[in-house]
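Coordinate inspection notes
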Amino acid sequence: MFVRNAWYIAAWGDEIGDTPLARRICNEPIVLFRDRAGSAAALADRCCHRSAPLSLGTVVEGGIQCGYHGLVIDATGKCVKVPGQRQIPTDATVRSYPLVEKNQFVWIWLGDPALADPASIIDFPYHDDHAAWPHKHTMYPIKGNYMLMVDNLMDLTHLGYLHGRTIGGNPSQHVEAEMKTVRTPTGVKFTRWMRNSLPPPSYVKAAGFAGRIDRLQSFEFVAPSTILQWTGATDAGSGRDPDDFEFKFRLFHGLTPETETSCFYFWSAANGYRQNEPAATEQLYGEIAVAFLEDQAMVEAQQARLGEFGEGGLVDIASDATRMTMRRHVDRMIAAERQLQAAE
Amino acid sequence: MFVRNAWYIAAWGDEIGDTPLARRICNEPIVLFRDRAGSAAALADRCCHRSAPLSLGTVVEGGIQCGYHGLVIDATGKCVKVPGQRQIPTDATVRSYPLVEKNQFVWIWLGDPALADPASIIDFPYHDDHAAWPHKHTMYPIKGNYMLMVDNLMDLTHLGYLHGRTIGGNPSQHVEAEMKTVRTPTGVKFTRWMRNSLPPPSYVKAAGFAGRIDRLQSFEFVAPSTILQWTGATDAGSGRDPDDFEFKFRLFHGLTPETETSCFYFWSAANGYRQNEPAATEQLYGEIAVAFLEDQAMVEAQQARLGEFGEGGLVDIASDATRMTMRRHVDRMIAAERQLQAAE
Amino acid sequence: MFVRNAWYIAAWGDEIGDTPLARRICNEPIVLFRDRAGSAAALADRCCHRSAPLSLGTVVEGGIQCGYHGLVIDATGKCVKVPGQRQIPTDATVRSYPLVEKNQFVWIWLGDPALADPASIIDFPYHDDHAAWPHKHTMYPIKGNYMLMVDNLMDLTHLGYLHGRTIGGNPSQHVEAEMKTVRTPTGVKFTRWMRNSLPPPSYVKAAGFAGRIDRLQSFEFVAPSTILQWTGATDAGSGRDPDDFEFKFRLFHGLTPETETSCFYFWSAANGYRQNEPAATEQLYGEIAVAFLEDQAMVEAQQARLGEFGEGGLVDIASDATRMTMRRHVDRMIAAERQLQAAE
């Protein structure tokens, strides 16, 4: 069960090169490709002739050519060439999907095309601002429902337990953080202060803190599956404005459903300090990359149990509050979509 | 859904040696073995005692001995020895299958044994004529329904697209070939002329053509799943009889269903030129072996999509005509078989 | 379909060390761990919070701590700590299982805890008597229903066929053994005499027999899935009491269902001869280890066929008699359990 009328990240822009890219999104096999002018397009990954995956074909003038019998389909899904015949059957079409390339992402719309408004796509200009926010990005394929990854990001008390050997630090520090959650029109946002706390070793290494720090995290969930993270720290009691913190970085987390039990985790790490040092970007990315493998392993194990036993009998605790606000937001979107369908 | 009252290739004769061979055919697990006199036999691959696969047993005097508790089953499926007791239960039997060894093949009959007429088995004497038609053969296991491979062979317009980097040549040449299709009592046959065309590099290498050629292909489909191919070429305008063409070869294509979504592709390549040069046979075989791996990859990808979405919404094009005649022939056989069963 | 009100072997005691052990038993995922005092405990392998496997957690003071959000569950299944809150929800519990450690085994009870009587656990003091019965043990994971392994052990006529190249010896010797079967309150027991027979090479090597031997085997099946084996040999006609045989060893066979189509085979080999020579223990173990791999391969192949075709149409033979007595005993236990449940 997925929200359909929403933009999901189909790929990083740089994943789509000369050869077509096959990717299953919300359980639909899709081929992503660039036409010769460089525009990205998305089609159902099945030729309308004999169901061969178009992703095994090649990009030609005017579209993508099936690698089996040579039909050419254009970016709108219309067949524009059938080898050996002049007349092209009018029903020779393949489903095409609205696609928008923005801030290094290729966003796709799986629902009703009439509702696909590019203006509703998240802005993340930092990906394009290599001077102020140099970044590095990747995609992790996860064998778990995408909501389990969103859950993970909306309850940071796991940091001390799951990431104790990497980015976690002291468990009680995370559990006792000063937490403030607000609902937003598009989701929910929380900020966490860990004041007068010991800096993790990576913070010291990155920003040279000599003593205790005031540490601030802000996580904005934009439904159905994006989280915009800002993290920063300053000398304890400095009273600086967060924009002027000695240490700050941004993470982008985008989860795209592949199937009910798997998803793609698109993420990036952008450092707002020592921007002229590529090694700083690499180091931030490297530390997070390892921690996210820990999240992946846990979420996949959790998926296996939930897939077998469901959610029945589970117990909510205090730290689930923000996560549950997030879940309710998505549930409302799905309910609204159903109502819309029923009304049609 | 398979035609049952038909001979299928169970194996190449040389696949059945000293040890039993397990092979699933039309979704039935079967053991193939040779008795001590060298006669091939086929039984259900389950001992009637405790269901152990007989293929884990050994050939002994009088039959095959189960490797678990030692029962011996003869080639007719009758249990002829039960260790530890004199009396053999009358219901201790295993299903046996009619089997005929001919032209290097072992043919099997899965349907009503009363209808198994060896006279209806295809003749392919070229496999035994090593002087005029030296050949090399193999079997490819394919993860696709056997009909998808028959489809592949009955529409050669795919040559220019799927085999562009191997045996294909110019796509439009294949699409515009002069094509003649006739129905036969046992299937359908087509011939294709590509007159005054450029010879593919492999033809030049094999037969030394200096200029353009007249190229002829003949494909005879014998239901449910054999295709007999003859291919030849002569200097353009030579007016030679095809039997006297400077270059000619025969391919045998036999598809045997394993399951609904997999099959065995038995094929051979026999060269009717430079018969005294083993390297010529090897070269022909080698070129085709690579191209057929391309067919395999495409058919397996096609199977994945058809298995998920079915045939609904697909569009037929002109080049499907022969393929569809073939499909209708097989559909009629299945319908006739059902009528026969209903009448019983 | 498993007997539930029974003790099964969950693990060898030495399998449970510093890190939790995940094991599926009777299709329930279970985590086995030792508390800091060394006591073994078994819980459902799902945290009551978000279903993360507890086996990914760590043993802490007072219980096992979930590796995701840090809840601590004690050995009785009660949650004793929820990070970030003082109040622990009363329904924050995980199922715990009765567990008894005895004779190197950790026994578990999956059924009604009120019926779990440690007194009914099999005694096997030989595992603790390293002087008189030095032993070596292991566990084989088997991809077959546990009853197929019990079948295997309750019909030794397979020795000559399946183990002909290892421990088997002459098939007819095994088939014609003098066999005596008696039912017991907890199962069935058989003894087999092979009098005046040729010793297998391994017997000669172990005990130096110069001529023929009288060979005795005793197999006691204790329902639902344990077999206690005693094997010995003496010079033919020596008239010695079995306890004084020149050559004797004990095998313990414990089968624990993992799923309907897989099980754990816990076994040990203890030599009652040359007890001061570790090489004698190693050699006995090594020979049996190889033979049991043959059993594993056969049972897994048998499972594949039975899983596809069921037991229908199979034929019983004379050597199945003891095996069938065993099966009926287990069937009666399952029927009684159902009656008990229906009466509740």
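Look up: the structure comes first, before these words.
What you see is a predicted model, and the numbers here were worked out from it, not measured in a lab.

With that settled, consider helix α5 (residues 278-309) of chain B. Residues spaced three or four apart along an α-helix face the same direction, because each turn holds 3.6 residues. With 32 residues, α5 of chain B should reach 46 Å at 1.5 Å per residue; the first-to-last C-alpha distance of 46 Å fits that figure. Of the residues trailing α5 of chain B, Gly 310 of chain B is marked for its positive phi of about 75°.

What follows deals with the sheet that holds strand β9 (residues 96-97) of chain B. Residue and element names in this part refer to chain B. Strand order across the open sheet formed by four strands is β2-β3-β4-β9, with antiparallel pairing between neighbours. Edge positions in the sheet fall to β2 (21-25) and β9, since each of these pairs with one other strand and no more. Relative to strand β3 (residues 28-34), β2 runs antiparallel, the two being bridged by five bridges. Paired with Ala 22 across the strands is Val 31, a residue of β3.

Buried accessible area, meaning the area lost when the parts come together, often serves as the stated size of an interface. Taken together, the contact between chain A and chain B spans 28 residues of the former and 27 residues of the latter. Here chain A packs against chain B, burying approximately 2300 Å² in sum over the two surfaces, 57% of which is carbon and sulfur. Summed over the shared surface of chain A and chain B, the number is four salt bridges. For Glu 311 of chain B, the salt bridge is made with Arg 50 of chain A, and the minimal N-O distance between the two is 2.9 Å.

A few words now on the pairing of strand β10 (residues 99-102) of chain A. All names here are of chain A. Alignment of β10 against strand β11 (residues 105-109), held across four bridges, turns out to be antiparallel. Residue pairing for β11: Leu 99 is matched across the bridge by Ile 108. The antiparallel pairing of β10 with β11 creates a hairpin that spans two residues between the two strands, and Asn 103 there sits at a positive phi of about 50°.

What follows covers the environment of Ala 291 of chain C. Residues and elements named next belong to chain C. With respect to the secondary-structure elements, Ala 291 resides in helix α5 (residues 278-309). On the basis of relative accessible area, Ala 291 is assigned to the buried category, the value being 0%. It is 24 Å that separates the C-alpha atoms of Ala 291 and Ile 317, two residues lying 26 residues apart in sequence. If sequence neighbours within four positions are ignored, Ala 291 has contacts with His 163, Thr 166 and Ile 167.

Moving on to the interface of chain A and chain C. Opposite the 27 residues of chain A that make contact, chain C presents 28 residues. Roughly 2300 Å² of surface becomes buried between chain A and chain C when both sides are summed, with 57% attributable to carbon and sulfur atoms. When the buried area of chain A at its contact with chain C is split by residue, Tyr 161, Arg 305 and Val 315 of chain A rank highest and sum to 30% of it. Where chain A packs against chain C, one counts four salt bridges. For Asp 151 of chain A, the salt bridge identified is with Arg 50 of chain C, shortest N-O distance 3.2 Å. Put simply, chain A and chain C have 10 residue pairs in polar contact (both at pLDDT 80 or more) between them. Listing elements by their share of the side of chain A that touches chain C, those giving two or more residues are α1 (146-154), α2 (159-162), α5 (278-309) and α6 (321-343) of chain A.

Let us look at the packing of aromatic side chains. Following the criterion strictly, the structure yields 63 aromatic pairs over all chains and no others. Taking the centre distance of 5.0 Å and the plane angle of 75° together, the rings of Phe 124 of chain C and Tyr 126 of chain C count as edge-to-face. For Phe 124 of chain C, a relative accessible area of 3% puts it in the buried group. Here the aromatic residues Trp 12, Phe 105, Trp 107, Phe 124, Tyr 126, Trp 133, Phe 252, Phe 264 and Phe 266 of chain A are joined through ring pairs into a cluster of three or more. For the cation-ring pair, Arg 250 of chain A lies above Trp 133 of chain A, with the distance from its terminal atom to the ring centre recorded as 4.6 Å. We note Arg 250 of chain C situated over the ring of Tyr 126 of chain C; from NZ or CZ to the ring centre the distance is 3.8 Å.

What follows is about the relation of the copies chain A and chain C. Overlay of chain A on chain C (RMSD 0.0 Å): rotation 120°, translation along the axis 0.0 Å. Expressed as an axis order, the relation between the two copies is that of a three-fold axis.

Residue and element names in this part refer to chain A. In this structure the tally under the stated criterion is 54 salt bridges over all chains. For the salt bridge of Glu 282 with Lys 136, the shortest nitrogen-to-oxygen distance reads 3.0 Å. Of this pair, Glu 282 sits in helix α5 while Lys 136 sits in strand β12 (residues 135-142), placing them 146 residues apart in sequence. Take Glu 282: its relative accessible area is 42%, and that puts it in the partly exposed class. Between Arg 240 and Glu 246 there is a salt bridge, with its nearest N and O atoms 3.5 Å apart.

Thresholds, definitions, all that
Residues numbered from 1 in each chain as written. Chains lettered and ligands numbered in written order. Predicted model: local features only at pLDDT ≥ 70, side-chain atom pairs only at ≥ 80, totals over all residues. Heavy atoms only, no water. Helix = DSSP H or I, 4+ residues; strand = E, 2+ residues; numbered from the N terminus. Expected span 1.5 Å × (residues − 1). Pairing = 2+ DSSP bridges. Contact = heavy atoms within 4.5 Å. Buried area = accessible area lost by both parts, 1.4 Å probe. Salt bridge = Lys/Arg side-chain N within 4 Å of Asp/Glu carboxyl O. Buried < 20%, exposed > 50% of the residue type's maximum accessible area, 1.4 Å probe, protein only. Polar contact = N/O pair within 3.5 Å; in protein donor to acceptor, adjacent residues only side chain to side chain. Phe/Tyr/Trp six-rings, centres within 6.5 Å; stacked < 30°, edge-to-face > 60°. Lys NZ or Arg CZ within 6 Å of the ring centre and 35° of its normal. Least-squares fit on C-alpha atoms with pLDDT ≥ 70 in both.

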